[in-house]
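Below are the chains, spelled out letter by letter.
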Amino acid sequence: MADIFDNYRDEFRARVLGGRPRSILEVGSGDGAFLKTVQGEVGRLAGLEPSGEAVDALRAEGFEAVQGSAERLPFADGEFDVVVFSFTPHHIGDWNAALSEAMRVARNGVEILDVWYDDTVADQRTAHEFDRWLKAIDRRTGMVHFDTLSPAELLAPVIGRRDVTYDYVCRRIGSSQNMDETLEVARTYLSKVDNDAELSRAFDQIITAAHRDGMTDEGCIQMTIEKGS
Ligand SMILES: C[S@@+](CC[C@H](N)C(=O)[O-])C[C@H]1O[C@@H](n2cnc3c(N)ncnc32)[C@H](O)[C@@H]1O
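Residues numbered from 1 in each chain as written. Predicted model: local features only at pLDDT ≥ 70, side-chain atom pairs only at ≥ 80, totals over all residues.

### Observations concerning the environment of D138
Link 1 in the chain: Its location among the elements puts D138 in helix α5 (residues 122–140).
Link 2 in the chain: Taking the C-alpha atoms as reference, D138 lies 9.7 Å from V193; in sequence the two are 55 residues apart.
Link 3 in the chain: Filtering out sequence-adjacent residues up to four positions away, D138 remains in contact with M143 and H145. (Helix = DSSP H or I, 4+ residues; strand = E, 2+ residues; numbered from the N terminus. Contact = placed C-beta atoms within 7 Å.)

Okay, structure coming up:
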């Protein structure tokens, strides 16, 4: 079976290109994993990224790349047809500001792809709990890394705006997590916090739940927020 993220990325690519945009800005472009899926498909393709190293690497690969932050985009109103966030919202400190800025810079609207867990299913609740546990350690070690945003949280900055329409799907391809890899990752993470006793106990509880209920890979949310005319 192909990596489920390849499936999610393929679906998202089709969703973004479906509106036939002529220009795309990706906010939080990282190493260009999203940009590469749409390379050659639009007249102007640009990435914005806080990491200077990542910006240099993208430029070396021929991409237009700008160093900056989602909360304040150095672009004019309506400069790009579409603004994309791909696996980035849960890294952004101020989602309200980020989405407002993206809506300002987008002529047509914003496309979002991010991690999503189906908390109605037991094996997803264990996976989500593990994800929260990892992110708690990331935050303790200085990274901006939050829980996944629900559809309501993603939409909160535009709810009530009559000039906006939205459409989203929550997608999940069920596949069990590799528990050996999970344990290995957990050991590495615990070593970053000197095997903190509270976090070790919390992990033991997650593993007990995983043996009882299973633990499956994350799903994704794909969301389109369109500006009215
Ligand atoms: C998980 S990576 C996603 C990379 C890429 N978009 C992809 O689809 O694989 C998250 C990216 O968000 C960037 N990021 C973190 N905080 C940000 C912010 N405030 N504004 C813009 N990008 C941010 C990180 O530097 C990182 O490159």
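Next comes the rest of the write-up.
### Comments concerning the sheet that holds strand β2 (residues 44–49)
Link 1 in the chain: Strand order in the open sheet made by the 7 strands is β3-β2-β1-β4-β5-β7-β6, with mixed pairing throughout. Sheet topology places β3 (64–67) and β6 (164–171) at the edges, where each strand pairs with a single neighbour. Going from strand to strand, the sheet's axes swing by 15 degrees on average, the running direction of each strand aside.
Link 2 in the chain: Relative to β3, β2 runs parallel, the two sharing 4 bridges. Across the sheet, residue A46 finds its bridge partner in β3, namely E64.
Link 3 in the chain: Here helix α3 (residues 52–60) sits on the sheet and contacts β2 and β3; the angle it forms with β3, its principal contact strand, is near 165 degrees. (Pairing = 2+ DSSP bridges. Axes fitted to C-alpha atoms, helices over the stretch in contact; angles between N-to-C directions.)

### Description of the packing of α5 against helix α8 (residues 197–213)
Link 1 in the chain: Contact pair α5 / α8: the axes reach a minimum separation of 9 Å and the direction vectors enclose 160 degrees. As far as their axial angle goes, α8 and α5 are roughly antiparallel. As for how α5 packs across α8, the hand of that crossing is left-handed. For the pair α5 and α8, contact is made by A122, D123, T126, E129, F130, W133 and I137 and by L199, A202, F203, I206, A209, A210 and D213, respectively.
Link 2 in the chain: Split by residue class, the contact of α5 with α8 holds 10 nonpolar, 1 polar and 3 charged. (Parallel < 35°, antiparallel > 145°, perpendicular 65-115°, else oblique. Left-handed = near helix turned anticlockwise from the far one by under 90°. Nonpolar A, V, L, I, M, F, W, Y, C, P; charged D, E, K, R; others polar.)

### Re the packing of helix α7 (residues 179–192) against α8
Link 1 in the chain: Put simply, α7 and α8 touch, their axes get as near as 11 Å, and they point 170 degrees apart. Classified by the angle their axes make, α7 and α8 are roughly antiparallel. On α8, the residues touching M179, A186 and L190 of α7 are L199, S200, F203 and A210.

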